[in-house]
Amino acid sequence: MERIIIFCMLFFSSSMVLTATQQKLKYRQIIKTIEQLETAVKNEDAELLHTPENPEDGCLFTAVTCFQNETWKLQPKISQENSAFIKQVKILRKPLLRSSDTPCESSCESYKKKGPNDFLKGFAKLMKQVIR
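Note that this is a predicted model, so its numbers are computed, not measured.

Draft legend 1. A look at the overall build of the chain. Along the backbone of the chain there are 4 helices and 2 strands. Taken from N to C terminus, the helices and strands of the chain fall in the order α-β-α-α-β-α. When each of the 132 residues of the chain is scored for burial, the buried share is 32%. Once local pairs closer than 6 in sequence are excluded, the contacts in the chain between residues at least 24 apart make up 88%. Counting only carbon and sulfur atoms, one obtains 55% of the accessible surface of the chain, whose full area is about 9100 Å².

Below, the structure written as structure tokens:
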């Protein structure tokens, strides 16, 4: 009986470690996608985007959601790259974090607007904070 309990505990703890590792890999892939978009995004004459900076601890989900919602406004430098560009943006739009139970007082509109390159750099910085 003790062996079964020990086996179950080991199995449960190893599955938790595996899940955490998969999440980190997913976040690293998101950062890589953001960095790829930095070179492909139209920065001149582009719409300014709400860019969360230094969100409070309870507002991390809101900040990531803000970034995800604003990604639809990004445009490619060259219109021929549109389909690959859209695929990358769709990757960023997939759910990343679970909603937090603590209410966040700041909204997406409360953050300063910046150009697309600064927006993407801010998004990558936030995702690096999520990994930690």
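Draft legend 2. Inspection of the pattern of salt bridges at higher detail. Summed over all chains, the structure comprises 3 salt bridges. Measuring nitrogen to oxygen at the nearest pair gives 3.9 Å for the salt bridge that ties Glu 47 to Lys 73. Within this pair, whereas Glu 47 is found in the loop between helix H1 (2-40) and strand S1 (49-50), its partner Lys 73 is found in the loop between helix H2 (60-70) and helix H3 (82-93), the two being separated by 26 residues in sequence. When its relative accessible area of 32% is taken as the criterion, Lys 73 is described as partly exposed. Glu 70 serves as the salt-bridge partner of Lys 73, at 3.0 Å between the closest nitrogen and oxygen. Salt bridges here are not isolated pairs; linked through shared partners, they connect Glu 47, Glu 70 and Lys 73.

Draft legend 3. Spatial organisation of the environment of Lys 125. With respect to the secondary-structure elements, Lys 125 resides in helix H4 (residues 116-131). Classification of Lys 125 by relative accessible area gives partly exposed; the value is 49%.

Draft legend 4. Focus on the nonpolar core. Core analysis: the biggest nonpolar cluster contains 24 residues, and Ile 34, Leu 74, Phe 85, Leu 96, Leu 120, Phe 123 and Met 127 have the highest contact counts within it. Those elements that place two or more of their residues in this core are H1, H2, H3 and H4. Counting residues per element, this core draws most heavily on H4, which supplies 8 residues.

Draft legend 5. Molecular detail of the side chain of Lys 114. Here Lys 114 is to be found in strand S2 (residues 113-114). Within the structure, the side chain of Lys 114 is placed 2.3 Å from the side chain of Glu 53, a separation counted as a polar contact. Not counting residues within four places of it along the chain, the set of residues in contact with Lys 114 comprises Leu 48, Leu 49, Thr 51 and Glu 53.

Draft legend 6. Looking closely at the state of the cysteines. Summed over the entire model, instances satisfying the criterion amount to 2 disulfides. Note that Cys 59 is cross-linked by a disulfide to Cys 104, the S-S spacing being 2.0 Å. As the torsion about the S-S bond is roughly 110°, the Cys 59-Cys 104 disulfide counts as right-handed. Taken together, the residues Cys 59 in the loop between S1 and H2 and Cys 104 in the loop between H3 and S2 connect sequence positions 45 residues apart. Residue pairing for Cys 66: its cysteine sulfur links by disulfide to Cys 108, the two sulfurs lying 1.9 Å apart. Between Cys 66 and Cys 108 the disulfide shows an S-S torsion of about 55°. By sign, it is right-handed. In this pair, Cys 66 is assigned in helix H2 and Cys 108 in the loop between H3 and S2, connecting sequence segments 42 residues apart. Considered together, Cys 66 and Cys 108 belong to a single accessibility category, that of buried residues. Counting its disulfide-bonded cysteines in sequence order, the chain shows a connectivity of 1-3, 2-4.

What counts and what doesn't
- Residues numbered from 1 in each chain as written.
- Predicted model: local features only at pLDDT ≥ 70, side-chain atom pairs only at ≥ 80, totals over all residues.
- Heavy atoms only, no water.
- Helix = DSSP H or I, 4+ residues; strand = E, 2+ residues; numbered from the N terminus.
- Buried < 20%, exposed > 50% of the residue type's maximum accessible area, 1.4 Å probe, protein only.
- Contact = heavy atoms within 4.5 Å.
- Areas by Shrake-Rupley, 256 points an atom, 1.4 Å probe, with all protein chains shown as cover.
- Salt bridge = Lys/Arg side-chain N within 4 Å of Asp/Glu carboxyl O.
- Core = buried A, V, L, I, M, F, W, Y, C linked by side-chain atoms within 4.5 Å.
- Polar contact = N/O pair within 3.5 Å; in protein donor to acceptor, adjacent residues only side chain to side chain.
- Disulfide = S-S within 2.5 Å.

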